[in-house]
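For reference, the chains in residue letters:
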Amino acid sequence: MGRIICCGLGPGNPDLMSVRADREVRAAKHIAYFRKKGRPGQARRIVDGLLANDVCEYPMEYPVTTEIAFDSPEYVRLLAAFYDEWAERLARLACAIDIVVLCEGDPYFYGSFMHLHARLQGRVEIEVIAGIPGMAGCWNSVGRPIALGDDVMTVLMGTLSEDKLERRVRNSDALVIMKTGRNLQKVRRALQAAGRLGEAWLIERGTMPGERVVRLKDMDEAECPYFAIVLVHGQGRQMEAAE
């Protein structure tokens, strides 16, 4: 029997992979990774130059990404069938070989592999290797602590409705807003309404080539890349009071 080993690759810079993930990637004879059709895939880019010459690759191409609404029945149907198919294929392969599945960030934190993980339970041995979440790479790029003292940190999806975003922004100290992309203007309006826009940073491609760190209020663009996160740092009020 083989295994499925999901390697968390960290925020994007190969230097930020764990020693264990690096070891598994270099030793792999079979790797699988998600990618958008026609693209090399971010996870595959991270390990470029680390793989053995004779490695067998299994690119798992999403049938749809942003072409239709993520909450539409058709989107749900297509993605469910995609994950069902790949869970079956990986389970068959793992009957005889070890397969390393690449995952950006940490697999257990919004990782796409979790859709396969749920389908593979009880069918095959699975090992998950932790990775540095992408957001940690981003707040290190800003160079400021994201939270101190009794700060409450909230992680939000830019796909939430504008009123939900605004309410959560008002009720938290430190904020991480993921899935910005086409939702950037909605995120900006929610931050503005909550009086937090002036504190917000946009980090595009954090720790990767082409990284950009800017104040969100200074941006004119209506959209941003998929790999972009908005951060609002906590103020660490208890720390300041103690001083």
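None of these values were measured; they are calculated from a predicted model.

Definitions and limits used
- Residues numbered from 1 in each chain as written.
- Predicted model: local features only at pLDDT ≥ 70, side-chain atom pairs only at ≥ 80, totals over all residues.
- Heavy atoms only, no water.
- Helix = DSSP H or I, 4+ residues; strand = E, 2+ residues; numbered from the N terminus.
- Rg over C-alpha atoms; globule rule 2.2 N^0.38 Å.
- Buried < 20%, exposed > 50% of the residue type's maximum accessible area, 1.4 Å probe, protein only.
- Contact = heavy atoms within 4.5 Å.
- Areas by Shrake-Rupley, 256 points an atom, 1.4 Å probe, with all protein chains shown as cover.
- Lys, Arg positive; Asp, Glu negative; His and termini not counted.
- Charge placed at Lys NZ, Arg CZ, Asp CG, Glu CD.
- Core = buried A, V, L, I, M, F, W, Y, C linked by side-chain atoms within 4.5 Å.
- Salt bridge = Lys/Arg side-chain N within 4 Å of Asp/Glu carboxyl O.

(A) Spatial organisation of the overall build of the protein. Secondary structure summary: the protein contains eight helices and 10 strands in total. For 243 residues, the compact-globule estimate of 2.2 N^0.38 gives 18 Å, and the protein sits close to it at 19 Å. Viewed in the frame of its principal axes, the protein has a C-alpha envelope of about 60 × 45 × 35 Å. Burial statistics for the protein: of 243 residues in total, 47% are counted as buried. Across the protein, contacts joining residues at least 24 apart in sequence account for 70% of those joining residues at least 6 apart. When the accessible surface of the protein is totalled, it reaches about 12300 Å², and 50% of it is carbon and sulfur. One way to put it: in the protein the 32 positive side-chain charges average out to a point 3 Å from where the 33 negative ones average out.

(B) Region of the structure containing the side chain of Arg44. Along the polypeptide, Arg44 turns up in helix 2 (residues 42–46). Contacts of Arg44, omitting those with residues within four sequence positions, involve Ile31, Tyr33, Leu51, Glu57 and Leu102.

(C) Examining unusual backbone geometry more closely. The phi angle at Lys179 is positive, at roughly 50°, despite the residue not being glycine. Residue Lys179 is classed as partly exposed on the basis of its relative accessible area, which comes to 45%. Non-glycine residue Arg205 carries a positive phi angle of around 50°. Position of Arg205 among the secondary structure elements: in the loop between strand 8 (200–204) and strand 9 (212–215).

(D) Region of interest: the nonpolar core. Counting residues in each nonpolar core, the largest one holds 25 residues, and the members touching the most others are Ile4, Met60, Phe82, Leu90 and Leu116. Counting only elements with at least two residues in this core, the list comes to strand 1 (3–8), strand 2 (30–36), strand 3 (56–62), helix 3 (73–93), strand 4 (99–103) and helix 4 (113–120). The leading source of residues in this core is helix 3, at eight residues. Setting aside anything within four residues of it in sequence, one finds Ile4 in contact with Leu90, Ala94, Ile99, Val101, Phe113, Leu120, Val124, Glu125, Ile126 and Glu127. By size, the runner-up hydrophobic cluster in this structure holds 20 residues, among which are Ala190, Val214, Leu216 and Val230.

(E) Main features of the pattern of salt bridges. Across all of its chains, the model carries 19 salt bridges by this definition. With a closest N to O distance of 2.8 Å, Glu74 and Arg77 form a salt bridge. Linking Glu74 with Arg77, this pair stays in helix 3, spanning three residues, or about one helical turn. The exposure class assigned to Glu74 is partly exposed, which follows from its relative accessible area of 38%. With a relative accessible area of 48%, Arg77 lands in the partly exposed category. Across the pair Arg212 and Glu221 runs a salt bridge, and its minimum N-O distance is 3.1 Å. Arg212 sits in the partly exposed class, given a relative accessible area of 29%. Taken together, the salt bridges that share partners define one network made up of Arg3, Arg20, Asp98 and Glu127.

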